[in-house]
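# Understanding the architecture of this molecule
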Amino acid sequence: MSEGEDREARKGAWLLMMFALGWRMVTGRSGKSRRVTSAEAAGPRDFPLPSGRDADTETQAVTSGRERWGTLLVACSLIAAIAAGIGFLFIYWTDGGNKLLGGTLALSFAGFGIALILWSHFLMAHREATEPLEPLLSPEEDRQTAADDFCAGARDVKRRSLLKLMIVAGAGVFAAMFVSLLRSFGAPIEPALYQIVWSRGQRLMTADNKPVSIHSLKPGDSVTVFPEGSIGNDHAQTVLVRVKEQFLRLPADRADWAPMGYLAYSRVCTHAGCPVGMFESQTNLLLCPCHQSTFNVLTGAEPTGGPAARPLPQLPLYADSEGLLRAGGRFSSIPGPGFWGGQQ
Amino acid sequence: MIRRIGRWFDSRLHLAQPAREALNHVFPDHWSFMLGEIALYSFVVLIITGSFLAMFFNGSTAHLIYHGPYRALDGVEMSAAYQSVLHLCFGVPAGLLIRQMHHWAALIFIGAIVVHVARIFFTGAFRRPREINWWIGLTLLVLALSNGYFGYSILGDLLSGAGMRIGYSMMLSIPIIGPWLAFLFFGGRVPVDVTIPRMYGLHIFVVPAAISVLLALHLGIIWRQKHTNYPGPGRTDHTITGSRIWPTYTAKSIGLFFLVFAVIAALGALVQIDPVWIYGPYDPIAILPGAQPDWYLAWVEGAMRLFPGVNIYLGPYLIPEVFFPGILFPVLFFIVLYLYPFFDKFITHDNQPHHVLRHPYEQPFQTALGCAVFMFLFVLFVAAGDDVIAVATGTSVVTIRLILRILVFVAPAVTGIIVYGLCILSRHRHARGLERALESASAEGRLISGENEVTQ
């Protein structure tokens, strides 16, 4: 028999079974009648006796239509749950897809869940119980005795004040021992946090380790560069852009930092440290895709929009005799997000 | 049989009386009392699915070249962590399903906690004697938020890398101790290899253990103090009305567990979540446009986007702009939440123990305040997707941000005023209804029980 036929046959068998079961339940020829205490039948009690609810053992048989339908519904849900569960097993063992696997799992659990909720709805007695709440505050006497017991014990400790002091000191040392373990997790913030990888004379290299010359970019182009020997270094990543020289409006002390309109800025956003990954050549803006901060490359990457408050550090550039671009020094400030001591 | 088993345990543990009390424990029936249960059951799903995942995940940043069933990344350099996630998704039977269920369960867990907290807040359930559980509950929320962040940060994909950078920048921005704290927590200047293993340890052991202990305390206190109830006929501060734990409530509650599990399984099967294989492995110089955090961190992300670029310089020192929306705002927000029971005591001059809840309209100021805060958070939530909205509507991010910067103040104010008005109206309506009921009752010459009417 093929797989499809097998499944069809199984489905048919389930349907038949369900039908037969349902019929028997609705016609009431099967199923146990529920026992209800006379106390239940009499309605809710406001304050049940502390002895509990089943003190009364006199029972009577009740099999109402509602109950029969309830039984049928619960049975249907359970059958669906079991069927879906078997389906899950089948799909799992035959390495079926994620959708079918999760779908059958969900159906199976939903079946069980619905069955239980229907069960509680149709087949359990709904009696509202009301009980007194005892006040949470203990009687004065109890509190007094507890306090007295504590103080009596504490007096023994108090008498030996030197020992008590030593215990406190010991606890302090214990705490210090545990807290000191944190040292293993930390790393010294100096020099890592203040590190600026670039130094004067280093060539600008692309990610595939090629030097950049003054002919590499057209105005409006950009490329990510690293210091020679530190390709892929996160803290050193730098964006090199080229703009038309006549548009430059750099501060006076940076006048010679941009040979032929080449500008280099730290590529780590000063806001939250994401790579400033986009250059818009029409507006001459560098954009950080994390929080949409924008920096104007013409004015020394001053922030022009978004949440960033500090400009991207600029890297002075010069062209050597072969026309290759080199760093003219370090970044103008510490690259990356700001911190307490990070203002030079 | 039951009796024999019972006898076996009772003769060893003396359990008959406590067992009987437990079976007869009264628990009030109301749909809103199931919100906390949904959170609890999602946590159970998290533990089950998380245990499965932990057997396969490799919290290591060792570099390797991928060769495996996912062809698109064949030959790509990645971390061992990311490689193990790919293996889990494409090589382990049911691995992808369990991983997606785990992520969905986390979203539902935190969602259920938030709605649960809102229910507690608006009905005044945090009042005496339940302040301790309010604080434990808030701590559970903080732990859940952090663990969500740790969970999606450890996968070693490009998106989680961005999240790690932003988290690091936030911690770094704290005045004076920020740099030390950030280096202590992340183990150096992010990106650094030691972060993922320690976040993994926190994610699968430390935080879940803390959540479990606090959860046990939370439930223990509910059991001890008994549950609150909505006002209604016969509801008083010194009685409790509801159905008994056994069997109705037990059946319903276990049924709810299965339903929560079913919904999470259906989502895990049908709705793709955090498809890390599409994002690619973490690469320090690459970045994903249109990146958002999981929904429960979007309020902080939105605040970080809307807050203007304002630095504070103190001589040679700096308080960076990230500090105000990223650290100060959420910390203050939670401090206000923790202290709210005291504030409520101060404005209502009410220090009595309460077991009957307060309808939101009975406390118009609190309800208006709560709704305004929710509106504020909602605008921030929207702001976290301002770039996506800009792309979808064809407007610029600048315009969207300007609108949101205005809305973030106007919308909560308007919401607060409207809700305040609605509360006053409905208080009047209820008062009138009560008057009419009293009149007709006295016309019939019935005796009015003062207690029942007052609690209406």
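Predicted model only: the values in this text are computed from it and were never measured.

What counts, and where the lines are drawn
- Residues numbered from 1 in each chain as written.
- Chains lettered and ligands numbered in written order.
- Predicted model: local features only at pLDDT ≥ 70, side-chain atom pairs only at ≥ 80, totals over all residues.
- Heavy atoms only, no water.
- Helix = DSSP H or I, 4+ residues; strand = E, 2+ residues; numbered from the N terminus.
- Buried < 20%, exposed > 50% of the residue type's maximum accessible area, 1.4 Å probe, protein only.
- Contact = heavy atoms within 4.5 Å.
- Areas by Shrake-Rupley, 256 points an atom, 1.4 Å probe, with all protein chains shown as cover.
- Lys, Arg positive; Asp, Glu negative; His and termini not counted.
- Charge placed at Lys NZ, Arg CZ, Asp CG, Glu CD.
- Expected span 1.5 Å × (residues − 1).
- Bend = angle between axes of the 7 residues up to and from the residue.
- Salt bridge = Lys/Arg side-chain N within 4 Å of Asp/Glu carboxyl O.
- Phe/Tyr/Trp six-rings, centres within 6.5 Å; stacked < 30°, edge-to-face > 60°.
- Buried area = accessible area lost by both parts, 1.4 Å probe.
- Polar contact = N/O pair within 3.5 Å; in protein donor to acceptor, adjacent residues only side chain to side chain.
- Nonpolar A, V, L, I, M, F, W, Y, C, P; charged D, E, K, R; others polar.
- Pairing = 2+ DSSP bridges.

Another aspect to go through is the overall build of chain B. Looking only at helices and strands, chain B features 17 helices and six strands. Considered along the principal axes of its C-alpha atoms, chain B spans approximately 85 × 65 × 45 Å. By residue count, 52% of the 456 residues in chain B fall in the buried class. In chain B, of all internal contacts separated by at least 6 residues, the share reaching a separation of at least 24 is 75%. Total accessible area on chain B is roughly 21200 Å²; 72% of this is exposed by carbon and sulfur atoms. If you average the places of the 29 positive and of the 25 negative side-chain charges in chain B, the two averages end up 8 Å apart.

The subject of this paragraph is helix α9 (residues 195-225) of chain B. Residues and elements named next belong to chain B. If you check α9, its first and last C-alpha atoms are 42 Å apart, about what 31 residues at 1.5 Å a residue would give, namely 45 Å. Along its length, α9 reaches its greatest deviation from straightness, about 40°, at Leu202. One or two steps after α9, the chain reaches Lys226, where phi turns positive at roughly 65°.

With that out of the way, let us pick up the pattern of salt bridges. Here the structure, examined in full by the defined rule, presents 17 salt bridges over all chains. In this structure, the salt-bridge partner of A:Glu131 is B:Arg244, at a minimum N-O distance of 3.0 Å. One end of the pair, A:Glu131, is in strand β3 (residues 129-132); the other, B:Arg244, is in strand β4 (residues 239-244), on a second chain. Its relative accessible area of 9% is what places B:Arg244 among the buried residues. Here A:Arg143 and A:Glu140 are joined by a salt bridge, their closest N and O atoms 3.3 Å apart. In this pair, A:Arg143 and A:Glu140 are both assigned in helix α5 (residues 140-159), three residues apart and thus about one turn of the helix distant. The network of salt bridges with common partners includes B:Glu301, B:Arg305, B:Asp386, B:Asp387 and B:Arg401.

Here the focus is the packing of aromatic side chains. Evaluation of the coordinates by the stated rule reveals 41 aromatic pairs over all chains. Relative to B:Phe261, the ring of A:Phe109 lies with its centre 3.9 Å away and its plane at 10°, an arrangement referred to as stacked. With A:Phe109 in helix α4 (residues 98-122) and B:Phe261 in helix α10 (residues 245-270), the pair connects residues from two separate chains. Just as A:Phe109 is buried, B:Phe261 falls in that class too. Between B:Phe257 and B:Phe261, the aromatic rings sit 6.0 Å apart at their centres with planes inclined by 70°, giving edge-to-face as the arrangement. One end of the pair, B:Phe257, and the other, B:Phe261, are both in helix α10, four residues apart, so they sit about a helical turn from each other. Accessibility classification places B:Phe257 together with B:Phe261 in one group, the buried group.

Attention now goes to the interface of chain B and chain A. The partner chain A presents 75 residues to the 87 residues of chain B that form the contact. Buried surface at the junction of chain B and chain A, both sides included, amounts to about 6700 Å², of which 65% is carbon and sulfur. For chain B, the biggest contributors to the area lost against chain A are B:Phe183, B:Arg189 and B:Ile285; these three give 11% of the whole. Viewed at the interface, chain A and chain B are joined by four salt bridges. Our enumeration of links across chain B and chain A arrives at 26 residue pairs in polar contact (both at pLDDT 80 or more). The greatest single-element share of the side of chain B that touches chain A, amounting to 17 residues, is contributed by α10(B). Tallied by class, residues from the side of chain B that touches chain A come to 53 nonpolar, 18 polar and 16 charged. Strand direction decides the pairing type here: β3(A) and β4(B), joined by four bridges, are antiparallel. For A:Thr130, the partnering residue across the bridge sits in β4(B) and is B:Thr241.

The subject of this paragraph is unusual backbone geometry. Here the bond from A:Glu190 into A:Pro191 is cis, since omega is 5°, no more than 30 degrees from zero. Within the fold, A:Pro191 resides in the loop between α6 (161-180) and β4 (204-206). Following B:Val190, the chain continues into B:Pro191 via a peptide bond in cis, with omega recorded as 0°. Inspection of the secondary structure puts B:Pro191 in the loop between α8 (178-186) and α9. For A:Ala301, which is not a glycine, the phi torsion comes out positive at approximately 60°. With respect to the helices and strands, the residue A:Ala301 is situated in the loop between β10 (294-296) and β11 (302-305). Classification of A:Ala301 by relative accessible area gives buried; the value is 0%.

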